[in-house]
Amino acid sequence: MGEAGDRTPGTGAGTGAGNRRMYAWEISDQLLQLKQDVESCYFAAQTMKMKIQTSFYELPPETHNALRDSLLTHIQNLKDLSPIIVTQLALAIADLALQMASWKGCVHTLIEKYNNDISSMPFLIEILTVLPEEVHSRSLRIGANRRTEIIEDLAYYSSTVVTLLTTCVEKTGNDEKMFIKVFRCLGSWFNLGVLDSNFMASNQLLMVLFQVLQRDETSTNLHEAASDCVCSALYAIENVDTNMALALQLFQGVLTLETAYHMAVAREDLDKVLNYCRIFTELCETFLETTVRSPGQGMGDLRTLELLLICAGHPQYEVVEISFNFWYRLGEHLYKINDAALHTIFRPYIQRLLHCLARHCQLDPDHEGIPEDTDDFGEFRMRVSDLVKDVIFLVGSMECFSQLYSTLKEGNPSWEVTEAVLFIMAAIAKSVDPENNPTLSEVLQQVVLLPESVHMAVRYTSIELVGEMSEVVDRNPRFLDPVLNYLMKGLREKPLASAAAKAIHNICSVCRDHMAQHFQGLLDIARSLDSFALSTEAAVGLLKGTALVLARLPLEKIAECLSDLCAVQVMALKKLLAEESTNGKSADPTVWLDRLAVIFRHTNPIVENGQTHPCQKVIQEIWPVLSETLNTHQADNRIVERCCRCLRFAVRCVGKGSASLLQPLVTQMVSVYQVYPHSCFLYLGSILVDEYGMEEGCRQGLLDMLQALCMPTFQLLEQQNGLRNHPDTVDDLFRLATRFVQRSPVTLLSSSIIVHIIQCAIAATSLDHRDANCSVMKFVRDLIHTGVANDVSQHVCPLSLQHEQDKHVCPLFLQHEEDFEVRKQLIGQAMEQHGQQLITQLMHSCCFCLPPYTLPDVAEVLWEVMVFDRPTFCRWLENALKGLPKETSGGAVTVTHKQLTDFHKQVTSAEECKQVCWAIREFTRLFR
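The structure contained in this document is the topic of the report that follows.

The rules behind each value
Residues numbered from 1 in each chain as written. Predicted model: local features only at pLDDT ≥ 70, side-chain atom pairs only at ≥ 80, totals over all residues. Heavy atoms only, no water. Patch = residues over 30% accessible without salt bridge, like charges linked within 9 Å, V, L, I, M, F, W, Y side chains within 5 Å. Areas by Shrake-Rupley, 256 points an atom, 1.4 Å probe, with all protein chains shown as cover. Salt bridge = Lys/Arg side-chain N within 4 Å of Asp/Glu carboxyl O. Lys, Arg positive; Asp, Glu negative; His and termini not counted. Charge placed at Lys NZ, Arg CZ, Asp CG, Glu CD. Helix = DSSP H or I, 4+ residues; strand = E, 2+ residues; numbered from the N terminus. Buried < 20%, exposed > 50% of the residue type's maximum accessible area, 1.4 Å probe, protein only. Axes fitted to C-alpha atoms, helices over the stretch in contact; angles between N-to-C directions. Parallel < 35°, antiparallel > 145°, perpendicular 65-115°, else oblique. Contact = heavy atoms within 4.5 Å. Nonpolar A, V, L, I, M, F, W, Y, C, P; charged D, E, K, R; others polar. Polar contact = N/O pair within 3.5 Å; in protein donor to acceptor, adjacent residues only side chain to side chain. Arc of directions from axis to C-beta.

1. Topic: a negative patch on the surface
- A surface patch of like charges, here negative, comprises Glu318, Glu372, Asp373, Asp375, Asp376, Glu379 and Glu464.
- With respect to the secondary-structure elements, Asp373 resides in the loop between helix H19 (340–360) and helix H20 (376–395).
- Judged by its relative accessible area of 47%, Asp373 is partly exposed.

2. Focus: the packing of helix H41 (residues 753–764) against helix H43 (residues 820–848)
- Contact pair H41 / H43: the axes reach a minimum separation of 10 Å and the direction vectors enclose 10°. Judged by the inter-axis angle, H41 sits roughly parallel to H43. Facing Val755, Ile758, Gln759, Ile762 and Ala763 of H41, the residues of H43 in contact are Ala830, Gln833, His834, Gln837, Leu838 and Gln841.
- Split by residue class, the contact of H41 with H43 holds six nonpolar, five polar and no charged.

3. Let's talk about unusual backbone geometry
- Of note, the phi angle at Lys35 is positive, near 50°, even though the residue is not glycine.
- Phi angles above zero are rare outside glycine, and Asn338 is one such case at about 50°.
- With respect to the helices and strands, the residue Asn338 is situated in the loop between helix H18 (324–337) and H19.

4. What about the side chain of Glu126?
- Locating Glu126 in the fold gives a position in helix H6 (residues 121–134).
- A polar atom in the side chain of Glu126 sits 3.3 Å from the side chain of Thr87.
- Residues contacting Glu126, with those up to four places away along its chain left out, are Val86, Thr87, Ala90, Lys181 and Arg184.

5. Digging into helix H29 (residues 519–527)
- Within the sequence span of H29, burial applies to Phe519, Leu522, Leu523, Ile525 and Ala526. The buried residues of H29 all sit within an arc of 160° when viewed along its axis, so they share a single face.
- Along its buried surface, H29 packs onto helix H26 (480–491), helix H27 (494–510), helix H28 (512–515), helix H30 (536–550) and helix H31 (555–583).

6. Structural notes on the pattern of salt bridges
- One pass over the structure, following the stated rule, counts 42 salt bridges.
- Between Glu442 and Lys409 there is a salt bridge, with the nearest N and O atoms lying 3.3 Å from each other. Note that Glu442 is positioned in helix H23 (residues 438–448) and Lys409 in helix H21 (residues 397–410), a separation of 33 residues in sequence.
- Glu442 gets classed as partly exposed once you look at its relative accessible area, which sits at 28%.
- On the basis of relative accessible area, Lys409 is assigned to the partly exposed category, the value being 48%.
- Where Arg595 meets Asp530, a salt bridge forms, and the shortest distance between an N and an O atom there is 3.0 Å. Within this pair, whereas Arg595 is found in helix H32 (residues 590–602), its partner Asp530 is found in the loop between H29 and H30, the two being separated by 65 residues in sequence.
- Assessed through its relative accessible area of 7%, Arg595 is described here as buried.

Next up, the structure:
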């Protein structure tokens with residue numbers, strides 16, 4: 001199988017390759033010595049940095065000191081050539097220091113060497129800036145042990161660094177560039193969280209920072225550097241109680257910036273205004289818990305919220321947007337605490353915020369047409385809508401809704417104010433209780449009476465509001481006719497058509513029973529869908545709504561109505577096929593396939609046992625057209641994918657009623673897949689196995705299908721980097737295999753193909769692709785579980801269901817109790833053959849290839865193997881751990897003997913799966 005993961009450090013491949021690799025180091029070194037021009041030096045410095053980051057293991061340990069000395073010489077010689085070269089070399093030195101265990105106390109040695117030479121100060125500070133930043137770099141896998149050692153080392157020397165920076169500021173007077181460097185460096189050490197907060201609270205640099213931010217004449221670049229540094233400091237003291245002295249200094253310091261903010265507003269200096277708002281927001285975020293715990297007292301002072309509301313009053317919406325995350329978190333905190341007295345304290349602030357947001361959502365008075373939802377302002381309005389939904393409980397949805405409505409009813413606002421108010425009303429309409437609510441009814445009545453002469457944007461947003469009020473229509477069916485008439489007017493006007501279609505879709509979804517009487521009208525719209533100026537999404541949404549209502553009709557009417565609903569799309573597909581055969585030009589059928597798919601997906605009538613499914617006949621009639629479309633476009637992955645999607649929903653729609661399609665469909669899938677291995681055929685295969693895998697008469701045919709599909713699949717995945725280049729194929733192959741395990745495990749386990757599937761799965765465990773890796777792990781877990789559980793109740797797997805995209809997820813193995821012993825024996829044989837290889841590969845993948853989010857899935861596989869056979873698993877795990885590297889190429893200890901034995905003990909003595917997961921999370925940090 002194609003190797004999917006990273007190379008393990010320390011596995012050299014022949015002397016020729018080794019020599020070639022050394023050239024890159026040597027040539028970079030020579031180019032830096034030659035110092036010809038900026039380009040060649042930048043290239044060499046960047047190459048050196050990349051080599052140290054990714055290929056440090058190529059260098060023999062005895063060369064490390066020489067490399068360090070050489071880099072320090074280069075950075076000194078090239079310090080005046082270009083700042084970007086200095087940065088690249090500083091990164092190279094920092095990355096070397098982090099990996100080179102023999103370079104003890106690097107911060108101390110660097111400061112000793114350069115602190116008396118003022119001309120070396122800029123590059124020394126650059127190294128000291130990037131060093132803390134690189135500690136958590138993803139490109140360096142130095143491991144948790146080395147990282148802890150480094151952080152302790154940096155913490156030990158942190159006050160030396162701050163003293164150096166303070167001296168630097170004193171010596172250089174008003175050198176702006178040096179100030180920027182100092183603030184960047186200080187921010188970097190704050191971010192790492194290693195500065196002593198008591199030492200910093202009384203440090204001169206803190207005063208300098210706030211003086212720079214208070215001064216009106218501070219330049220934009222310096223202002224930004226100082227703001228970044230204050231934000232880093234505020235972030236670093238998130239745990240306020242343990243950093244009291246520094247917290248107080250920062251708190252008081254930030255409160256002094258209000259005057260400077262007003263000055264920046266008066267000068268229309270938006271960059272500075274944004275910086276101040278960032279600082280105020282970070283202040284509020286840091287003191288959030290204090291503010292909620294003791295509002296108005298000490299550092300829970302509510303002036304912090306006043307600062308944010310002052311920013312919210314700025315005319316530019318980008319300013320208020322900075323604070324959204326804070327308001328969201330405040331809402332979340334207050335919602336969890338659920339204390340009425342607290343709500344009363346914070347309510348006025350939220351009311352003022354909502355008032356500002358409504359004003360910011362206003363379109364320009366000279367705006368023409370509908371509101372744009374894809375530009376920056378449109379995205380801002382969507383974020384406002386989300387925030388309003390999150391904090392509205394503090395004000396009360398009904399109270400807010402009524403207040404907004406009264407501003408429209410009592411005043412005579414301009415169109416842009418009206419539109420913004422309707423927009424906010426639409427955001428909260430769903431959270432207002434629709435039961436016996438006269439205000440909601442009145443709003444609905446008034447909106448549908450809006451004349452066509454009002455501004456287009458007002459009509460557009462009023463249509464969106466009606467769509468959000470579908471619950472009100474459901475409780476008050478008398479509104480259905482006027483609402484539908486209002487929406488039909490919108491549907492006929494190009495700018496409003498898509499919004500109207502979306503609103504009709506909402507009403508169909510919520511008022512399905514009331515809408516049944518209007519089905520003919522929906523059918524008429526569906527027949528002439530393309531006469532309306534609809535977006536693809538809106539057209540599909542309308543059909544979805546129509547299908548939802550169709551499923552509520554009497555059973556005897558469904559077949560005929562479904563046939564009518566599908567007829568337009570089927571005729572269009574037939575027409576395309578006919579044109580193709582006459583003029584040889586192929587037109588794109590995806591629009592029609594997507595529309596058919598949405599109809600099948602949402603036509604779900606309730607069919608009693610024994611009754612023929614009303615959609616069965618229609619789907620049989622449509623099959624020849626789908627089959628011919630699939631054949632015609634078999635080389636085009638996008639179209640084949642849409643065909644398969646359409647067939648998938650057709651099969652799901654009628655379930656066992658699609659039996660007559662099984663033979664021709666499988667034959668066609670297999671024959672096309674041999675030539676064009678589109679992964680969607682594997683997915684469709686998994687749907688067929690899910691529907692028919694428990695039918696005795698279908699099992700062999702489905703196994704033949706699996707074997708026929710596996711051969712081209714393995715050929716594809718065995719190519720170089722095959723697994724990495726075809727993650728969709730891996731994902732869909734193991735979905736198919738998993739369905740087989742769930743539906744007919746013995747059929748699969750007794751077949752000759754199972755060995756190849758297991759080998760492929762073991763190779764694919766190292767694949768760093770979310771969906772593919774998840775499918776592989778689910779397959780292995782479910783496979784082993786068939787030999788563990790005799791009934792479904794023994795296996796409630798917390799993670800196994802969250803990845804399922806298909807709505808037909810069934811309990812695992814519910815139906816196979818009678819063949820448990822056979823399954824257990826077959827799994828035993830498979831584990832005997834592949835168990836050690838599986839565990840070794842999983843441990844290697846966890847440590848070197850997979851991101852942390854995949855670890856719960858790995859833990860579940862290990863857990864199942866252990867439940868199946870604990871004594872053997874203990875031995876396999878011990879062997880796997882022995883094979884892991886114990887040291888990095890820089891000579892640092894990756895994992896101690898004690899850490900290995902502790903991990904082995906934690907896993908093998910675990911009593912539930914989550915304990916295995918915790919153990920793996922901690923253990924793999926040693927290798928990251």
